[in-house]
Amino acid sequence: MFSTRIKIKELLLSEKVNYQATVMGWVRTFRNNQFIALNDGSTNNNIQIVVALGAFDEATLKRITTGACIKATGEVIASLGKGQKVELKATAIEVLGDSDAEKFPLQPKKHSLEFLREIAHLRFRTNTFGSVFRVRHALSFAIHDFFTKKGFIGIHTPIITASDAEGAGEMFKVTTLPLDGSAPKNEDGTINFKDDFFGRSTNLTVSGQLEGELAAMAFGNIYTFGPTFRAENSNTTRHLAEFWMIEPEMAFYDLEDNMNLAEEFIKHIIRYAMDNNREDLEFLAQRLDEEEKQKPQNERSEMGLIEKLEFVINNNFERITYTEAIEILRESNHNKKKKFQYIIDKWGIDLQSEHERYLVEKHFKKPVILTNYPKEIKAFYMRQNDDGKTVAAMDILAPGIGEIVGGSQREERIDKLVERMKEMHIPTEELDWYLDTRRFGACPHAGFGLGFERIVQFVTGMGNIRDVIPFPRYPKSASF
RNA sequence: UCCUCCUUAGCUCAGUUGGUUAGAGCAUCUGACUGUUAAUCAGAGGGUCGUUGGUUCAAGUCCAACAGGGGGAGCCA
């Protein structure tokens, strides 16, 4: 029976003393042959276990190494030392799992994030990743909490999908056909999928949006929160081949309703983490602070992590149109002095990272919602504005990360939608099921997509997206 | 995919204009120490210098290709 154990977080929080308790966890350090720092993942704070001289045999003490799993029972007492309020005076210690100190790669010292990424299966046991993944969980919970309280229905959209026409990116093929060249072929040399598992070509999903729209046409407000796959050869600090995405879709919403929801949503989940994971965020803030000190003065951020999150919660996001953004950029000294690699000269061009960063980090110094982009640079399903040039799109740009949300009011007028699909060479036959939303009881609706790992990055302050998902998948990397 | 930097002990790094036996701190091991906080002190072990090929009397050091990693860009969330 293991249920008698008390979690270290609870034990430390209560500050009660003079009672018997059992703790279980993994040894961080064993100092002076006397003090064990034990961690069980409930908090970054360790419980100090005091080992009385002569109370345990030498052989047992030798097995208490960094990484070993132990069970310790004893009396919780007020600590005689300075670093903690309470500690456990052990009367019994059982080694549940040995850890060979010569082979265990984690040491009681600072490790680089790059090294820890190579041992992703063990990095959970560090303070940094302990905090990151507790915060990740809090955000995940807060997302379901937010939408549930608003009466949204969570929809599980398919992970294997037949449509490959969404244009959201390169897809991973799903097949059971042999890969040695013996798969059946059509006359033109392409693979014949008639005898494949699904009887047709299938892929891993790049977005649940189209299916989500179907559900919104029945439930009104829905959201999806699931894994998404992109086979893009992207090697950056903010892209993954497998990531989690939140995609709400709302009937009877226009672009402004959509923006209001997205802003309220982001603020809610950040506030939830601030209220429930303060200790972890403070640890991450300190970590980031030390990292920033290594940088030259002009590259350091003006705000600490906690400060930044509070600022985002307490201020309105800046809302401007694409056209206004182009004006601001064109008139900026930065542009006039030709400091942009891509000079802003005319309306219609897509904004580069440097431009987005300038708007968010230099000009407004807060999250920015950009709206009404030229239709040429946006997806087919976005609603065309009356000017004939722009669509009702909105992107939310966050400092340090860039695009965190992409959304739009959807084109509910079937003639306009089909016309746009043809212009963009999107096969209407394949998406006939999607067009049914516009044939039977179409209504104005809107939605957006938010990359979960990007918001986790923003809230934890981690610089590389590979460090906010337990086992990251990216080009040339699918270990563990 | 493109640009750029990097790869030396388990980890983080030093290694001079190419020149004998490649160093440090931490970790590990052995011993000491009973109120430590990434404990401390003494000692010990630990390296095909990313891989392959080339230049040279001589390569950790110079050149090339490849692999892996960091940063930036593109694609995007």
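Here the structure is a predicted model, which means the values were calculated and not measured. (Residues numbered from 1 in each chain as written. Chains lettered and ligands numbered in written order. Predicted model: local features only at pLDDT ≥ 70, side-chain atom pairs only at ≥ 80, totals over all residues. Heavy atoms only, no water.)

Peer 1: Mind showing me how you'd approach the packing of helix α7 (residues 278–293) against helix α8 (residues 305–314) here?
Peer 2: The description of two packed helices rests on the angle between their axes and on the distance between the axes. Direction vectors running N to C along α7 and α8 enclose 120 degrees, while the axes themselves pass 8 Å from each other. Looking at the two axes, α7 sits oblique to α8. On α8, the residues that touch R278, L281, E282, L284, A285 and L288 of α7 are L305, I306, L309 and E310. (Axes fitted to C-alpha atoms, helices over the stretch in contact; angles between N-to-C directions. Helix = DSSP H or I, 4+ residues; strand = E, 2+ residues; numbered from the N terminus. Parallel < 35°, antiparallel > 145°, perpendicular 65-115°, else oblique. Contact = heavy atoms within 4.5 Å.)

Peer 1: When you look at the pattern of salt bridges in this model, what are you seeing that I'm missing?
Peer 2: Working definition: two side chains of opposite charge can pair if their charged atoms are close together. Within this structure, the stated rule accounts for 29 salt bridges. Here R117 makes a salt bridge to D467, at a shortest N to O gap of 2.7 Å. With a gap of 350 residues between them, R117 in helix α3 (residues 113–118) and D467 in the segment after α14 (452–460) connect regions that are remote in the sequence. Each member of the pair R117 and D467 is classed as buried. Residues E327 and R330 are paired through a salt bridge, measuring 2.5 Å at the closest nitrogen-oxygen approach. In this pair, E327 and R330 are both assigned in helix α9 (residues 322–331), 3 residues apart and thus about one turn of the helix distant. Of the residues examined, E327 reaches a relative accessible area of 35% and is grouped as partly exposed. Taking the relative accessible area as the measure of exposure, R330 reaches 28% and is therefore partly exposed. (Salt bridge = Lys/Arg side-chain N within 4 Å of Asp/Glu carboxyl O. Buried < 20%, exposed > 50% of the residue type's maximum accessible area, 1.4 Å probe, protein only.)

Peer 1: Is there a simple way to think about the sheet that holds strand β14 (residues 390–398) in this case?
Peer 2: Where strands meet in a sheet, backbone hydrogen bonds hold them as pairs that are either parallel or antiparallel. Taken together, the 8 strands give an open sheet; going across it, the order is β6-β10-β11-β16-β15-β14-β13-β12, and neighbouring strands pair in mixed fashion. Each of the sheet's edge strands pairs with one partner strand only, and the pair in question is β6 (153–154) and β12 (318–321). Alignment of strand β15 (residues 402–409) against strand β16 (residues 445–451), held across 5 bridges, turns out to be antiparallel. Opposite G406, over in β16, you have G449 as the bridge partner. Each of β6, β10 (221–229), β11 (242–251) and β16 is contacted by helix α5 (residues 209–219), which is oriented at about 30 degrees to β11, the strand it contacts most. Across the sheet, α9 lies against β12 and β13 (368–374), angled at about 95 degrees from β12, the strand it touches most. (Pairing = 2+ DSSP bridges.)

Peer 1: Just checking my understanding: could you explain the protein's contact with RNA strand B for this structure?
Peer 2: The full set close to RNA strand B counts 47 residues, and L53, R117, T236, H239 and R454 are the nearest of them. Across the atoms of RNA strand B situated within 4 Å of the protein, the share located in sugar and phosphate is 45%. The contact in question runs from a base oxygen of RNA strand B to an N or O atom on the side chain of Q34, over 2.7 Å. A distance of 3.2 Å separates a base nitrogen of RNA strand B from a polar atom in the backbone of P108. Elements with a minimum of two residues in the surface near RNA strand B: β1 (19–31), α3, β11 and β15. Classifying every residue of the surface near RNA strand B gives 11 nonpolar, 21 polar and 15 charged. (Near = heavy atom within 4 Å. Polar contact = N/O pair within 3.5 Å; in protein donor to acceptor, adjacent residues only side chain to side chain. Nonpolar A, V, L, I, M, F, W, Y, C, P; charged D, E, K, R; others polar.)

Peer 1: Hey, could you run me through the nonpolar core in this one?
Peer 2: Generally speaking, soluble globular proteins have nonpolar side chains that are buried together. Judged by nonpolar contacts, the single largest core of 64 residues is most densely connected at F265 and I266. Of all the elements, helix α6 (residues 255–276) adds the most residues to this core, at 10 residues. Every residue in contact with F265, bar those within four places of it in the chain, is listed here: I143, F146, F147, I246, F448 and L450. Listed in part, the 30 residues of the second largest apolar core include Y322, I326, Y373 and A393. (Core = buried A, V, L, I, M, F, W, Y, C linked by side-chain atoms within 4.5 Å.)

Peer 1: Can you walk me through the sheet that holds strand β2 (residues 35–39) in this structure?
Peer 2: In space, the 5 strands of this closed barrel follow the order β1-β2-β3-β5-β4, with mixed pairing throughout. Sheet twist, expressed as the average angle between the axes of neighbouring strands with direction ignored, equals 55 degrees. By the bridge criterion, 4 bridges tie β2 to strand β3 (residues 47–50) in an arrangement that is antiparallel. Counted as the bridge partner of A37 is Q48 from β3.

Peer 1: How should the pairing of β15 be read in this particular structure?
Peer 2: In summary, the side chains of a regular strand alternate between the two faces of the sheet. With 6 of its 8 residues buried, β15 lies for the most part within the structure. Hairpin connection, β14 to β15: the antiparallel pair is bridged by 3 residues, and G400 has positive phi, about 85 degrees.

Peer 1: Got a minute to help me understand unusual backbone geometry in this structure?
Peer 2: Glycine aside, the phi torsion of most residues is negative, and most peptide linkages are trans. The phi angle at E15 is positive, at roughly 60 degrees, despite the residue not being glycine. Of note, E15 is situated in the loop between α1 (8–14) and β1. For E15, a relative accessible area of 41% puts it in the partly exposed group. At N32, a residue that is not glycine, the phi angle is positive and equals roughly 60 degrees. Inspection of the secondary structure assignment puts N32 in the loop between β1 and β2. Judged by its relative accessible area of 61%, N32 is exposed.

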